[in-house]
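Coordinate analysis (summary)
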Amino acid sequence: MPEPQGASLPDRLIVEDWDGLTFRVNRFAYRSEEIFERERAHIWARTWLYLGHETEVAEPNAFRTRVLGGRPLIFCRDSDGTVRAFLNACPHRGTVLCRENEGSTKLFQCFYHAWTFRNNGDVAAIPGKDAYEAAGEGFLDSMRLRSVPRLEIHEGFVFVAFDPDVPPLLEYLGDAADYMTMIREQHAAGMEVLPGTQLYSVRGNWKLAVENAMDGYHFSPTHNTFVGYLRETGFAVTDDDQYAYNLGNGHSLLVLTGHGGRISMLWEPRFGEDEKRRTEAHRAEMDERLGPERARYVADESHILFVFPNLLLFDLEGLSIRQLEPAAAGRTDVRAWQLAPRGEDEDTRALRMKTMVSFVGPGGLATPDDIEAYEAVQRGIEATAGDPRPGMDFSDMSRGMVDEVKGVQGRSIDEGAMRGFWRHWIKAIGAEDALAATGPRPAAFLEGRNVR
Amino acid sequence: MTRSTGTVKAGGREVTRAEVEDFLYEEADILDAWRYDDWLALFEPGARFEVPATDWKGESAFASGSFVTDDWDLLRARVKRLKSRKAHAENPPSRTHRMVTNVRLHEHDDPALLRVTAAFLIHRARDGEFDPYAGRYDHLLVVDGEGLRFRLRRAVLGHELLRPGGRLSFIL
Ligand code: FES
Ligand SMILES: [Fe+2]
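The numbering scheme is per chain: residues are counted from 1 as the chain's sequence reads. All chains are assigned letters beginning with A, and all ligands numbers beginning with 1, in the order in which they are written. Reporting in this predicted model follows two pLDDT cut-offs: at least 70 for local features of residues, and 80 or more for side-chain atom pairs to be given and counted; totals over whole chains, interfaces and linings ignore these cut-offs and use all residues. As a rule here, side-chain values cover all heavy atoms of the structure and leave hydrogens and water aside.

Chain B is annotated in an unreviewed UniProt entry as p-cumate 2,3-dioxygenase beta subunit of Actinomadura viridis. UniProt positions are given in the numbering used here, feature names are shortened, and annotations may be inferred rather than shown by experiment. Under the Sequence similarities (unreviewed entry) heading, UniProt states for chain B: "Belongs to the bacterial ring-hydroxylating dioxygenase beta subunit family."

Taking an unreviewed UniProt entry as the reference, chain A is identified by name as Benzoate/toluate 1,2-dioxygenase alpha subunit belonging to Actinomadura viridis.

Here it is, written out as C-alpha cells:
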C-alpha cells in the first residue's frame, strides 16, 4: 500500500538512542514514493554516480546506453579515444537518440528529423540547415549533444554527476578510492569487464540491497545451503576477523578474511591443484611488484565495497561490479558485470567464471536467497504501515552499537555499516531534522583505516 | 550440423521429433512437479546446465558472465540445494507451468549427439505474483539405444532485462 498521497515526511525517520543503545529506521523510508522522489532529486541528481567501466567502451567509437537516476544516457568513447557520457536525448525535440544497447559508431543520427551528431557531441548535419541561417554558428553550437555536467574516471571506474558543482571525484571517494586501486593492482596487466551482463530487476527498495551487502549477520542463516556446499568442497566459513568500516560520504566496506579463497590470490581446495601452482606464482609476482604488506591487503582479504549511492564491488572469490538503479520505491534494476584480469589464462578464467556465477547473480546458489530476503522485507514492512502505536513501524539496526561507544572496530556480523549508511543518507536527502538522537554521541566512530 | 528435419540419425539410430518432444515434455512435467532427482537422472554424468545473460552473443560460458554456468558438481549442488528446506528462495517452492514448443532436431558433427532447439514459455507463481519467462532451448543430447540424455542443457532467455523477479531460483 502506498502511503496516502501528499503525506509529509514523518518527523522521525531515524531514532538513535545512545542511552538505550538502539538505532531504528522508519520503514516509511523503504515504501514511500515521496522519499523515492526526494532521493532522485537530492542524491541521484546531486552526487557522483557510477556509470560503467572504461573497458566496456574499450575501442574508439564503442558505445553503450545506460540509465542513471531515470535519465537515459549514452556512454561512449569518441573517435579520438576520449570517454564521454551524453544525455541520450536529441537536442532538437528530445527524442531518444541512440536506441541500441551497444555497438560502434562515429555518428549518432536521430530518426525523427535526421539530425546527426559526432560521437564527441558536435553537430555533424542538420537537414535543411539553411532554415536556421539567421541564427548562425551559435545555433549549431547550442545544438551540440548535451554532455553530463561532470565525468571523471578512477582506476577505470567511470563516474558521472548531473550537478556541475560536485567536488572532485577523488575527494568524494575519499577512503573508498584506495580499495578501487587495490582492485586494479591485483594483476599487472589490469582488469577488464567481460561481456555478459546480469540485468535483472528486484521487487525491493534499493536501500535494502545496500543493507544486505553490508550485513554479515545474515550469511549463515540465509545462505545455509551455500555454506553447506562450501563445507563439502573442503572450506569452512568463519565469522572471525571480519570487520565493517564506514569510509565517510556514505561509503562503506566489509573486510572478510574468513570468507573464502580468491582466484589466483588465495587458494582453497575447491579450486584444484593446478590453481594452487598458479596462485603461488602469481603471489610471488605480487610480492615483488607491490611489496609484501600491500600484497597482503590486495590478495589475502576479501572486500565488499559500497560506493554511495549506486555501486557495489564484490571483491571476493572473483570480482563482480553491481550497479543499483532505483526504478520506484519498491523496485530496483540491477546490473552486474564480472571484472577479470586482462589476458588471464583459460583455465583460471574458466574457474573464475564458474566460481563467481555459482555465488552471485539471481541464478547462483546464494544471491537468490539474498533477493528473497529483501523482497520479503519489502512485502513485510507493509504490515505496520500507518500503525498508530509508537515505534511499531521501525526496523532495528542496533546490533553491535555497544562497540561504537567503546570505540571498538565494528564487526561485519553487526550492523554498524548500516548505521553509517543511514546517518549519511538522512543528510543526503536533506532531512537531518528527522534523525531523532537521544543521549550524547560517543566522541569518535572508528572510520577508515590506513593501508597505504 | 544445422540441418533441421523431423528425423535425424544419431547414436547409430533414427531419432524422431516425437521422441525428442516426449523427452522435453516429460522433463517439463518433472520440473513442474519439483522432482529434482528425476530431473538429474535426465543428464549424463559430467553434463552441464547454462543460462546465459540476456545480452549473450554466443560467447562461451567462460568468456562471458551468465546467470547459470553449472558443471556437473554445481548441477548436483543445485539439485541438493533445491531439495533443501533451507533453499529460502524456493521455500515454499514456486509454482511453474511450462510450455515447450517449436521443437527442432539438428544433426551434429559428433554422430553420438543431437542438437535440439525449442521455444519455452514458463509461468511462475510466487508471492502473489505471476511472471512469464520466455526464451529458447539450445540443448545437446546424447543418444543411445535406451533413449536420450542431456550433455548440455541451455536455456536462452528472450528478455532484454529480467524484469519479473530477479530470483532465477527455479529451473528455467
Ligand atoms: S527530435 Fe531529433 S532530429 Fe528532431
Ligand atoms: Fe547474502
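Quick notes on helix 2 (residues 33–44) of chain A
Residue and element names in this part refer to chain A. The cut-offs for exposure are 20% and 50% of the maximum accessible area for each residue type, with area from a 1.4 Å probe on protein chains only; residues under the lower value are buried, those over the upper are exposed, and the others partly exposed. Only DSSP runs of H or I covering at least 4 residues are called helices, and only runs of E covering at least 2 are called strands; the numbering of each starts at the N terminus. Along helix 2, the residues that are buried comprise Ile35, Phe36, Glu39, Ile43 and Trp44. Projection of helix 2 onto a plane perpendicular to its axis shows the buried side chains occupying an angular sector of 105°, all on one side. Note on contacts: a residue pair is in contact if any heavy atoms of the two residues lie within 4.5 Å. Those residues of helix 2 hidden inside the fold are in contact with helix 1 (28–31), strand 3 (49–53), strand 4 (62–68), helix 6 (206–213), strand 19 (319–328) and helix 14 (416–428). Whenever two N or O atoms come within 3.5 Å, that pair is a polar contact, provided that in protein one can donate a hydrogen and the other can accept it, and provided that, for residues adjacent in sequence, both atoms are side-chain atoms. A distance of 3.0 Å separates the backbone nitrogen of glutamate 34 from a side-chain oxygen at the start of helix 2, and that oxygen is part of serine 32. The arc refers to the directions leading from the helix axis to the C-beta atoms.

Things to note about the coordination of the iron ion (ligand 2)
Residue and element names in this part refer to chain A. At the metal site, the iron ion (ligand 2) is ligated by His218 (NE2), His223 (NE2), Asp370 (OD) and Asp370 (OD), and these contacts range over 1.9 to 2.7 Å. Sites may look incomplete, because water is not among the atoms used; the donor set itself consists of N, O and S atoms within 2.8 Å of the metal (3.2 Å for Na, K and Ca). Here a site with four donors is tetrahedral if all angles are between 85 and 135 degrees, and a site with four or six donors is square planar or octahedral if opposite donors are over 155 degrees apart and the other angles are between 65 and 115; anything else gets the irregular label. Taken together, the 4 donor atoms coordinating the iron ion (ligand 2) and their angles of 54 to 142° define a geometry best described as irregular. Here histidine 218 falls in the buried class, since its relative accessible area comes to 12%. Among the residues examined, histidine 223 registers a relative accessible area of 2% and is labelled buried.

Considering the interface of chain A and chain B
With 37 residues of chain A at the interface, the matching set in chain B holds 39 residues. Once two parts are joined, some of their accessible surface, as seen by a 1.4 Å probe, is lost; buried area is that loss totalled over both. In this assembly, chain A packs against chain B so that about 3,300 Å² is buried in total across both faces, 52% of it on carbon and sulfur atoms. The term salt bridge refers to a pairing of a side-chain nitrogen on Lys or Arg with a carboxyl oxygen on Asp or Glu at a separation within 4 Å. In this assembly, chain A and chain B are joined by 11 salt bridges. With a shortest N-O distance of 2.6 Å, arginine 81 of chain B and aspartate 369 of chain A are connected by a salt bridge. Where chain A touches chain B, the interface holds 23 residue pairs in polar contact (both at pLDDT 80 or more).

Structural notes on the nonpolar core
If you look at the biggest cluster of nonpolar residues, it comprises 152 residues, and the most contacted ones within it are Phe159, Trp422 and Trp425 of chain A together with Val20, Trp39, Leu114 and Leu172 of chain B. With 7 residues, helix 14 of chain A is the single largest residue contributor to this core. Delimitation of the domains relies on an automatic or database domain assignment. Here this core spans two domains, since at least three of its residues come from each of domain 1 (1–46 + 176–452) and domain 2 (49–161) of chain A. With residues up to four places along the chain from it excluded, the contact list for tryptophan 425 of chain A reads Leu13, Ala29, Ile35, Glu39, Ile43, Trp206, Lys207 and Phe308 of chain A. To define a nonpolar core, start from buried Ala, Val, Leu, Ile, Met, Phe, Trp, Tyr and Cys residues and group those joined through side-chain atoms within 4.5 Å. Ranked by size, the runner-up nonpolar core spans 17 residues in total, among them Phe63, Cys98, Ile126 and Leu140 of chain A.

Looking at the packing of helix 9 (residues 273–290) of chain A against helix 10 (residues 292–300) of chain A
Residue and element names in this part refer to chain A. For helices, the fitted line uses only the C-alpha atoms of the stretch in contact; every axis is such a line through C-alpha atoms, and the angle between N-to-C directions lies from 0 to 180 degrees. Interhelical geometry of helix 9 versus helix 10 gives an angle of 130° and a closest axis separation of 7 Å. Of the possible angle classes, the one that applies to helix 9 and helix 10 is oblique. Regarding helix 9 and helix 10, the two cross each other, and that crossing is right-handed. Residues Arg283, Met286, Asp287 and Leu290 of helix 9 touch helix 10, and the partners they reach there are Pro292, Arg294, Ala295, Arg296, Val298, Ala299 and Asp300. Classes in brief: Ala, Val, Leu, Ile, Met, Phe, Trp, Tyr, Cys and Pro nonpolar; Asp, Glu, Lys and Arg charged; the others, Gly included, polar. Residue classes in the contact of helix 9 with helix 10 are distributed as 6 nonpolar, no polar and 5 charged. Note that the term roughly parallel is reserved for angles under 35 degrees, roughly antiparallel for angles over 145, roughly perpendicular for angles of 65 to 115, and oblique for everything else. Throughout, a crossing is termed right-handed when the near helix is turned clockwise from the far one, and left-handed when it is turned anticlockwise from it by less than a right angle.

Focus on the sheet that holds strand 3 of chain A
All names here are of chain A. Two strands qualify as a pair provided DSSP detects at least 2 bridges between them. Taken in spatial order, the 3 strands make up an open sheet running 3-12-11, and their pairing is antiparallel. Whereas interior strands pair on both sides, the edge strands pair on one side only; in this sheet they are strand 3 and strand 11 (150–154). Averaged over all pairs of adjacent strands, the angle between strand axes in this sheet comes to 30°, irrespective of strand direction. Bridge count for strand 3 against strand 12 (residues 157–161) is 4 bridges, and the pairing is antiparallel. Within strand 12, the position partnered with histidine 53 by the bridge is phenylalanine 157.

With respect to the pairing of strand 3 (residues 13–16) of chain B
Residues and elements named next belong to chain B. As paired strands, strand 2 (residues 7–10) and strand 3 are joined by 4 bridges and run antiparallel to one another. Residue pairing for strand 3: threonine 7 is matched across the bridge by threonine 16. Count of turn residues in the strand 2/strand 3 antiparallel hairpin: 2 residues, of which glycine 11 carries a positive phi of about 60°.

Let's talk about the confidence of the model for chain B
pLDDT measures the predictor's confidence residue by residue and takes values from 0 up to 100. In the predicted model, chain B carries a mean pLDDT of 93, and 97% of its residues have values of at least 70. Listed scores for the predicted complex are pTM 0.95 and ipTM 0.93.

Considering the environment of leucine 311 of chain A
Residue and element names in this part refer to chain A. The residue leucine 311 is located in strand 18 (residues 311–315) in this model. Residues leucine 311 and tyrosine 297, 14 residues apart in the sequence, show an inter-C-alpha distance of 21 Å. When near neighbours in sequence (up to four residues on either side) are disregarded, leucine 311 contacts Tyr50, Phe159, Met180, Leu305, Phe306, Ile321 and Arg322.

Focus on the packing of aromatic side chains
Residues and elements named next belong to chain A. Note on aromatic pairs: the rings of Phe, Tyr and Trp (six-membered ring only in Trp) are paired at centre separations within 6.5 Å, and the planes decide the class, stacked below 30 degrees, edge-to-face beyond 60, tilted for the rest. A complete count under the given rule lists 23 aromatic pairs over all chains for this structure. On the numbers, 5.5 Å between centres and 75° between planes, the contact of phenylalanine 63 with phenylalanine 108 is edge-to-face. Of this pair, phenylalanine 63 sits in strand 4 while phenylalanine 108 is found in strand 8 (residues 107–109), placing the two residues 45 residues apart along the sequence. This pair shows no difference in class: phenylalanine 63 is buried, exactly as phenylalanine 108 is. Note on phenylalanine 306 and phenylalanine 421: the rings are 5.8 Å apart at their centroids and 65° apart in plane angle, and the pair reads as edge-to-face.

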